Amino acid sequence: MSSLLSSTILRKVAMALSGIFLMVFLLQHFVINITSVFSATIFNQFSHFMGTNALVQFALQPVLIGGVIFHFVMGFVLDIQNRKARGTRYAVYKGSANAPWVSRNMLISGATILAFLGLHFYDFWVPEINYKYIEVLPEDPNRYHEELVHKFEDLTRVVIYVISFFFLSLHLSHGFASSFQSMGVNNKYTPTFKSLGKLYAIGIPLGFAFIAIFHFLNH
Amino acid sequence: MPIPSGLINLIMKLTLKIWRQENATAKGSMQTYSLDGVSPDMSFLEMMDVLNEQLMEQGIEPVAFDHDCREGICGSCSMFINGEAHGPDRLVTTCQLHMRKFKDGDTIHIEPFRAKPFPVIKDLVVDRTAFDRIQHAGGFISVNTSGNTQDANAIPIEKADADKAFDAATCIGCGACVATCKNASAMLFVSAKVSQYALLPQGQVEATDRVLNMVKQMDEEGFGNCTNTGACEVECPKGISLENIARMNREFLSANVKG
Ligand code: HEM
Ligand code: SF4
Ligand code: FES
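The following paragraphs examine the structure supplied in this document. Owing to the predicted nature of the structure, the values given are computational and were not obtained by experimental measurement.

**Considering the overall build of chain A**
Then comes step 1: For chain A, the count of helices and strands is nine helices and zero strands.
Then comes step 2: Reading the secondary structure of chain A in the N-to-C direction produces α-α-α-α-α-α-α-α-α.
Then comes step 3: Across its three principal axes, chain A shows a C-alpha extent of roughly 60 × 40 × 35 Å.
Then comes step 4: Here chain A holds 219 residues, and the buried ones make up 45% of them.
Then comes step 5: Of the contacts formed within chain A by residues at least 6 apart in sequence, a portion of 78% connects residues at least 24 apart.
Then comes step 6: Accessible area of chain A: about 11,500 Å², with a carbon and sulfur share of 73%.

Here it is, written out as structure tokens:
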């Protein structure tokens, strides 16, 4: 751990690993959510499983929360260190001349995602925890789809979600390929990874936005 | 010397905003100078020479800046011009940048390379001995020159590896990568030096210690964390590739595993 904090490269690798972990989670999250569009039954089955399975609830969920916290705390720490490493700032600095906006503003896109996660937890996670562990209401395996659709009746929420997915897309359009480079993967497959990265970075957030809009229009 | 008539309408008048700082501890600031009679054929450093002549005539202390070879090989001419290391041109150092890249009436901002580990000594001159210390930490091979040394040409090396090693070896240690990087990261420089040896059999003997020691020194100097923006690669006068950074990360990870 001490070397993790003292070595720039190990910090970056940790950042990349946590980022990849989150991307895998996001894919899984998307696969489950998209079922809500075409089958309430399948969505309910998945959600009931995820919500009641002990492994998911007491092993994977804490790891995920830990992963998110690690990722954004590390993101902020790296950014503070990087600002310090410059020292006196330039009077004129033309960042756009040599690097894309998304790569220079991971903190902005990341912080937007963080703010979104606050809302998202308030919307789904807090009521879930309340339902299951505080009020300890009887489990109804068919409640999930209805709860989801109910949330997206509100236009403001849908708009906030869609904007957040846009920033997620920006974050991932740099993050995906960047994480491979951080781990030392840069070879003849790199162009393929970059294309896959673009596909993921556009496809997944667009898909999430579609789900939100779909339920808004169909409630 | 009279200016040839064909050139007369190409001659530029410029406004220069230059960082002036008395010494390492003084507080510096941007100062504005006006300079007339700049030919598009001048190199940027020649333009600076003309400015300094003018300043001396006016009894003003000339602008201190680093330069040596003036042909793009020594890496000393560090200047951050209009927000870019070595100015707007690609694959050139400041000494190879020409005034034809600018227009009559332009305002040009000239600042020293900025990074905590590159403290300003005076005006545009910065102390880049942090790079030397990184080199001393491992950027070499220990060859016993007893007279029995094997002829390097007798060791077969794959063409692709030899090419990559040569490409990495073209790094001139100018520091543009650090100056440009939004994080003041020195990864491109260090990775070029690590790669140059990592790709060749002669470099294998000390490979593990080399990468660990050089990265350790880089971190101790206080350079920032790479975030893969790729700005270094674009601004590097020698076109050193990001591939080298990935290679260094691999070398570093496997060296850590080996211990
Ligand atoms: C679902 C949420 C998120 C996912 C999937 C994600 C994914 C990624 C990935 C893949 C990387 C690239 C890692 C690397 O190049 O080493 C990354 C980097 C980064 N992330 Fe996130 N991230 C998420 C949330 C956040 C949040 C909430 C923040 C909060 C500030 C954040 C801040 C950063 C920063 C500052 C970087 C470093 C920039 C860089 O190294 O290029 N991320 N993220
Ligand atoms: S990698 Fe390029 S920019 Fe960096 S020191 Fe070497 S030559 Fe200069
Ligand atoms: S003076 Fe040597 S590279 Fe410019």
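**Here's the deal with the environment of A:Asn186**
Then comes step 1: By secondary structure assignment, the location of A:Asn186 is in the loop between α8 (155-182) and α9 (190-218).
Then comes step 2: A sequence separation of 85 residues divides A:Asn186 from A:Trp101, and the C-alpha atoms of the two residues are 22 Å apart.
Then comes step 3: Not counting residues up to four positions away in its chain, the partners in contact with A:Asn186 are A:Gln181, B:Leu242, B:Glu243, B:Ala246 and B:Arg250.
Then comes step 4: Separated by 2.9 Å, the side chains of A:Asn186 and A:Gln181 make a polar contact.
Then comes step 5: Here the side chain of A:Asn186 touches A:Thr190 through a polar contact of 3.4 Å, side chain to side chain.

**Focus on the site of ligand 2**
Residue and element names in this part refer to chain B.
Then comes step 1: In the vicinity of ligand 2 lie 14 residues, with Cys-171, Cys-174, Gly-175, Cys-177 and Cys-236 positioned nearest.
Then comes step 2: The set of elements that each furnish at least two residues to the shell around ligand 2 consists of α5 (176-180) and α6 (187-198).
Then comes step 3: Within the shell around ligand 2, the residues separate by chemical class into 11 nonpolar, two polar and one charged.

Cut-offs applied
Residues numbered from 1 in each chain as written. Chains lettered and ligands numbered in written order. Predicted model: local features only at pLDDT ≥ 70, side-chain atom pairs only at ≥ 80, totals over all residues. Heavy atoms only, no water. Helix = DSSP H or I, 4+ residues; strand = E, 2+ residues; numbered from the N terminus. Buried < 20%, exposed > 50% of the residue type's maximum accessible area, 1.4 Å probe, protein only. Contact = heavy atoms within 4.5 Å. Areas by Shrake-Rupley, 256 points an atom, 1.4 Å probe, with all protein chains shown as cover. Polar contact = N/O pair within 3.5 Å; in protein donor to acceptor, adjacent residues only side chain to side chain. Near = heavy atom within 4 Å. Nonpolar A, V, L, I, M, F, W, Y, C, P; charged D, E, K, R; others polar.

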